[in-house]
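Overview (structure and organization)
Listed below are the residues making up each chain.
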Amino acid sequence: MNQPINIRKAIKSFRYAGIGIYSLFRYENNAKIHLLAAVVAFIAGIYFNISNIEWCIIIIQIALVWAAEAFNTAIEKIADMISPTYHPTIKIIKDVAAAGVLTLAISAIFVAGFIFLPKIWDIFQTIY
Ligand SMILES: Nc1ncnc2c1ncn2[C@@H]1O[C@H](COP(=O)(O)OP(=O)(O)OP(=O)(O)O)[C@@H](O)[C@H]1O
């Protein structure tokens, strides 16, 4: 408890987490979709020149979805290791973990809608 902070160990942990981020977006199909959605939101944010608060909300929302996807993937890997063949409890575990991601992905769609739809609407009104 009263040991000094081990900087080398902390740097190592960052490196392992970086490898985790790489393998998440390199190998997981759903993570790739979330990455693409984040890129689209980022480009839209720049295009519509959104406010600092809006950027904060978008970034928090992206981080929530990515983190949920990371935890879901980790749970899936553990589940596959424990039970490579069908098991009813594994089904519930995987379905519930996926529900966590879906919940945050739906909230991301609402957040994006509330931030970007009025701005898209404004553009339509100036055109027509
Ligand atoms: N061992 C298992 N036992 C019971 N049901 C399973 C098992 N493996 C997968 N399932 C069912 O299939 C669904 C999809 O599981 P899967 O592991 O293929 O996830 P995924 O979302 O397709 O992700 P990925 O493509 O990254 O593996 C689960 O939500 C669960 O309902």
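None of the values given here were measured: they were computed from a predicted structure.

1. Thoughts on the overall build of the protein
The secondary structure content of the protein amounts to four helices and zero strands. Mapped from its N terminus to its C terminus, the protein presents α and β elements in the order α-α-α-α. In summary, the protein has a C-alpha radius of gyration of 19 Å against a globular reference of 14 Å for 128 residues, an excess of more than 25%. Taken along its principal axes, the extent of the C-alpha atoms in the protein is 60 × 45 × 25 Å.

2. Concerning the UniProt feature "transmembrane region" (unreviewed entry) in the protein
Per the UniProt annotation, the sites labelled "transmembrane region" (unreviewed entry) are residues 33-50, 56-75 and 96-117. Between the C-alpha atoms that bound residues 33-50 the distance is 23 Å, and the span itself is 83% helix and 0% strand. As annotated, residues 96-117 comprises 100% helix and 0% strand, and the C-alpha atoms at either end are separated by 31 Å.

3. Concerning the nonpolar core
Among the nonpolar cores identified, the biggest contains eleven residues, and these are A38, A41, A44, F48, I50, W55, I58, I62, V111, I115 and F116. Only helix 2 (29-47), helix 3 (52-82) and helix 4 (88-127) provide two or more residues apiece to this core. The contact partners of I50, leaving out residues within four places of it in the chain, are G45, W55, I58, I115, F116 and K119.

4. Comments concerning the site of the ligand
Every residue lining the ligand is accounted for by E28, E76, S83, T85, Y86, H87, I90, K91, K94 and D95. For the ligand, a nitrogen atom lies 3.1 Å from a polar atom in the backbone of T85. Contact with the protein chains removes 60% of the 620 Å² of surface that the ligand exposes when unbound. Here the shell around the ligand takes four residues from helix 4, the largest share from any one element. Tallied by class, the residues present in the shell around the ligand amount to two nonpolar, three polar and five charged.

5. Quick notes on the side chain of T73
In this fold, T73 is placed in helix 3. Filtering out sequence-adjacent residues up to four positions away, T73 remains in contact with L24 and E28.

6. A few points about the environment of D95
Within the secondary structure layout, D95 lies in helix 4. Taking the C-alpha atoms as reference, D95 lies 9.7 Å from E76; in sequence the two are 19 residues apart.

7. Digging into unusual backbone geometry
Leaving glycine aside, a negative phi is the common case for residues, and trans is the common case for peptide bonds. For N49, which is not a glycine, the phi torsion comes out positive at approximately 50 degrees. Examined against the element boundaries, N49 turns out to sit in the loop between helix 2 and helix 3. With relative accessibility at 65%, the residue N49 sits in the exposed group.

Procedures and definitions
Per-chain numbering applies: the sequence of each chain, read as written, is numbered from 1 onward. Only residues with pLDDT of at least 70 get local features here, since the model is predicted, and only at 80 or more are side-chain atom pairs given and counted; chain-wide, interface and lining totals rely on the full set of residues. Side-chain descriptors were evaluated using all non-hydrogen atoms of the structure, hydrogens and water having been removed beforehand. Where helices and strands are cited, they refer to DSSP runs of H or I of at least four residues and of E of at least two residues respectively, numbered from the N terminus. Values of the radius of gyration come from C-alpha atoms, whereas the globule rule sets the reference at 2.2 Å times the count of residues to the power 0.38. UniProt positions are given in the numbering used here, feature names are shortened, and annotations may be inferred rather than shown by experiment. Here, nonpolar core refers to any group of buried Ala, Val, Leu, Ile, Met, Phe, Trp, Tyr and Cys residues whose side-chain atoms link them within 4.5 Å. Between buried and exposed lies partly exposed: a residue is buried under 20% and exposed over 50% of the maximum accessible area for its type, with that area taken using a 1.4 Å probe on protein chains only. Should any heavy atoms of two residues lie within 4.5 Å, those residues are considered in contact. A single heavy atom is enough: if one lies within 4 Å of a molecule or strand, its residue is considered near that molecule or strand. Here a polar contact is taken to be a pair of N or O atoms separated by no more than 3.5 Å, where protein atoms must pair a possible hydrogen donor with a possible acceptor and residues adjacent in sequence count only if both atoms sit in side chains. Exposure was quantified through the Shrake-Rupley algorithm and a 1.4 Å probe, taking into account, for residues, occlusion by the shown protein chains and nothing else. In the scheme used here, Gly and all other residues not listed as nonpolar or charged are polar, with Ala, Val, Leu, Ile, Met, Phe, Trp, Tyr, Cys and Pro taken as nonpolar and Asp, Glu, Lys and Arg as charged.

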